[in-house]
Amino acid sequence: MKAVAFLLLLIVACENPLFSQNRYNFGQFRDETIHFIKQPAKWEGNDWLRLGLIGAGTFLVMQADQPVRDAVMKDQSYYKSFPVEFGRLWGETYSTAIVAGAFGLHGLLANDNSTKKVGFEIVQAALYSGGITTVLKVAFGRARPYTNKGRADYRPFTLLDDGFHSLPSGHTTLAFALSTVLSRNVQSNALKVLVYIPAALTAFSRVYQDYHWTSDCLLSAVVGFVVATWVVDLHDQNESPVRVSSIFPLTIRINLN
């Protein structure tokens with residue numbers, strides 16, 4: 001909750017009159033959030049088809065959930081290894097808050113609209129995709145692997161028992177939302193690919209550490225990617241896409257098209 005409060009505080013800070021020339025502020029966030037919520041009412045046939053394909057794909061992967069778990073549980077010697085722990089940390093809420101805060105703070109202090117854009121988009125993608133994931137977790141009520149209840153045990157609308165909040169993975173959702181925003185805003189083609197490595201490690205870590213099934217992470221990755229893509233596309237419709245040469249806001253060089 002503290003991390004969420006920080007993210008909202010970052011948006012509110014953008015309303016400061018000193019930065020009134022920047023359009024990434026709370027008013028825009030409010031309007032775009034309403035626009036996002038209304039999206040399903042505007043979906044057409046192809047949109048519903050894509051949703052159906054995502055559901056069907058998730059269901060198909062579910063058939064392999066137990067065999068995959070059995071395989072990874074045979075060797076847990078890497079449980080606290082650097083790649084696994086790094087992946088877990090990349091998906092933590094506070095990691096998203098730190099990265100968004102770094103870009104947002106740089107944008108505010110340097111009066112740089114481009115880095116503010118990146119921070120703003122990270123916040124939006126995280127809150128929107130995180131909200132969807134939370135609703136689905138409660139609605140499905142799928143048992144986590146470590147409960148040993150099997151891949152097909154569900155208790156819909158379980159609010160307080162985290163053992164039944166497996167589908168989708170919150171860590172993986174945030175990881176892919178964060179990586180997608182960064183990937184869409186970097187100039188280097190190599191970086192566009194490399195920033196997805198932490199997100200992939202997040203998905204692997206959630207399965208390897210027995211917190212999620214493989215299908216949980218697949219659905220989460222799709223949610224994070226799709227929402228973040230929608231957020232960036234929404235802004236790029238109205239202005240030239242921002243391209244940054246580094247993912248570290250204090251050392252970036254901006255190249256506006």
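Heads up: the structure comes first, above all this text.
What counts and what doesn't
Residues numbered from 1 in each chain as written. Predicted model: local features only at pLDDT ≥ 70, side-chain atom pairs only at ≥ 80, totals over all residues. Heavy atoms only, no water. Helix = DSSP H or I, 4+ residues; strand = E, 2+ residues; numbered from the N terminus. Buried < 20%, exposed > 50% of the residue type's maximum accessible area, 1.4 Å probe, protein only. Contact = heavy atoms within 4.5 Å. Areas by Shrake-Rupley, 256 points an atom, 1.4 Å probe, with all protein chains shown as cover. Core = buried A, V, L, I, M, F, W, Y, C linked by side-chain atoms within 4.5 Å. Salt bridge = Lys/Arg side-chain N within 4 Å of Asp/Glu carboxyl O. Phe/Tyr/Trp six-rings, centres within 6.5 Å; stacked < 30°, edge-to-face > 60°. Lys NZ or Arg CZ within 6 Å of the ring centre and 35° of its normal. Expected span 1.5 Å × (residues − 1). Polar contact = N/O pair within 3.5 Å; in protein donor to acceptor, adjacent residues only side chain to side chain. Axes fitted to C-alpha atoms, helices over the stretch in contact; angles between N-to-C directions. Parallel < 35°, antiparallel > 145°, perpendicular 65-115°, else oblique. Left-handed = near helix turned anticlockwise from the far one by under 90°. Nonpolar A, V, L, I, M, F, W, Y, C, P; charged D, E, K, R; others polar.

Draft legend 1. A look at the overall build of the protein chain. When helices and strands are counted, the protein chain shows 12 helices and 0 strands. Per-residue burial over the protein chain gives 47% buried out of 257 residues. For the protein chain, long-range pairs separated by at least 24 residues make up 73% of all intrachain contacts whose partners lie at least 6 apart in sequence. Accessible surface for the protein chain amounts to roughly 12,700 Å². Of this, 68% is attributable to carbon and sulfur atoms.

Draft legend 2. Focus on the nonpolar core. Counting 25 residues, the largest nonpolar core has Trp90, Phe103, Val118, Ile122, Leu178, Val181 and Leu182 as its most contacted members. Those elements giving two or more residues to this core turn out to be helix H6 (82–90), helix H7 (93–109), helix H8 (113–140), helix H9 (170–185), helix H11 (196–208) and helix H12 (214–236). Top element by residues in this core is H9. It accounts for 6 residues. Apart from the residues lying within four places of it in its own chain, the contact partners of Leu182 are Trp90, Phe103, Val118, Ile122 and Val195. Core analysis: the second largest hydrophobic core is formed by 13 residues, Phe120, Val223, Trp230 and Leu234 among them.

Draft legend 3. Inspection of the pattern of salt bridges at higher detail. Across all of its chains, the model carries 13 salt bridges by this definition. Among the salt bridges present, the one from Arg144 reaches Asp162, with a minimum N-O distance of 3.2 Å. Of this pair, Arg144 sits in the loop between H8 and H9 while Asp162 sits in the loop between H8 and H9, and the two are 18 residues apart along the sequence. With its nearest N and O atoms 2.8 Å apart, the salt bridge here joins Arg184 to Asp233. Pair noted here: Arg184 is in helix H9 and Asp233 is in helix H12, with a separation of 49 residues, a long-range link. We classify Arg184 as partly exposed; its relative accessible area is 24%. Take Asp233: its relative accessible area is 32%, and that puts it in the partly exposed class.

Draft legend 4. Molecular detail of the packing of aromatic side chains. A complete count under the given rule lists 13 aromatic pairs for this structure. Ring geometry for Phe29 and Phe120: centres 6.3 Å apart, planes at 90°, overall edge-to-face. Highlighted residues: Phe29 in helix H2 (residues 26–37) and Phe120 in helix H8, separated in sequence by 91 residues. There is no split in this pair, since Phe29 and Phe120 are both buried. A cation sits over an aromatic face here: Arg206 above Tyr211, 4.6 Å from the ring centre.

Draft legend 5. Structural view of H7. Relative to the 24 Å expected for 17 residues at 1.5 Å per residue, H7 spans 24 Å between its end C-alpha atoms, a close match to the ideal helical length. Along H7, the positions that sit buried rather than exposed are Ser95, Thr96, Ala97, Val99, Ala100, Gly101, Phe103, Gly104, His106, Gly107 and Leu108. Where H7 ends, the next residue or the one after it, Asn111, has phi of about 55°, a positive value.

Draft legend 6. Region of interest: the side chain of Asp216. Its location among the elements puts Asp216 in helix H12. Taking the relative accessible area as the measure of exposure, Asp216 reaches 0% and is therefore buried. Polar side-chain contacts of Asp216 include one of 3.5 Å to the side chain of His212. Those residues within four positions of Asp216 in sequence are excluded, and the remaining contacts are Arg142, Ser166, Leu167, Pro168 and Ser169.

Draft legend 7. Representation of the packing of H8 against H9 within the structure. Contact pair H8 / H9: the axes reach a minimum separation of 9 Å and the direction vectors enclose 155°. Classified by the interaxial angle, the pair formed by H8 and H9 is roughly antiparallel. Note on packing geometry: the crossing formed by H8 with H9 is right-handed. Note on element contacts: H9 touches H8 through Gly170, Thr173, Leu174, Ala177, Leu178, Val181, Leu182 and Asn185, opposite Lys117, Val118, Glu121, Ile122, Ala125, Ala126, Ser129, Gly130, Thr133 and Lys137. Tallied by class, the residues present in the contact of H8 with H9 amount to 9 nonpolar, 6 polar and 3 charged.

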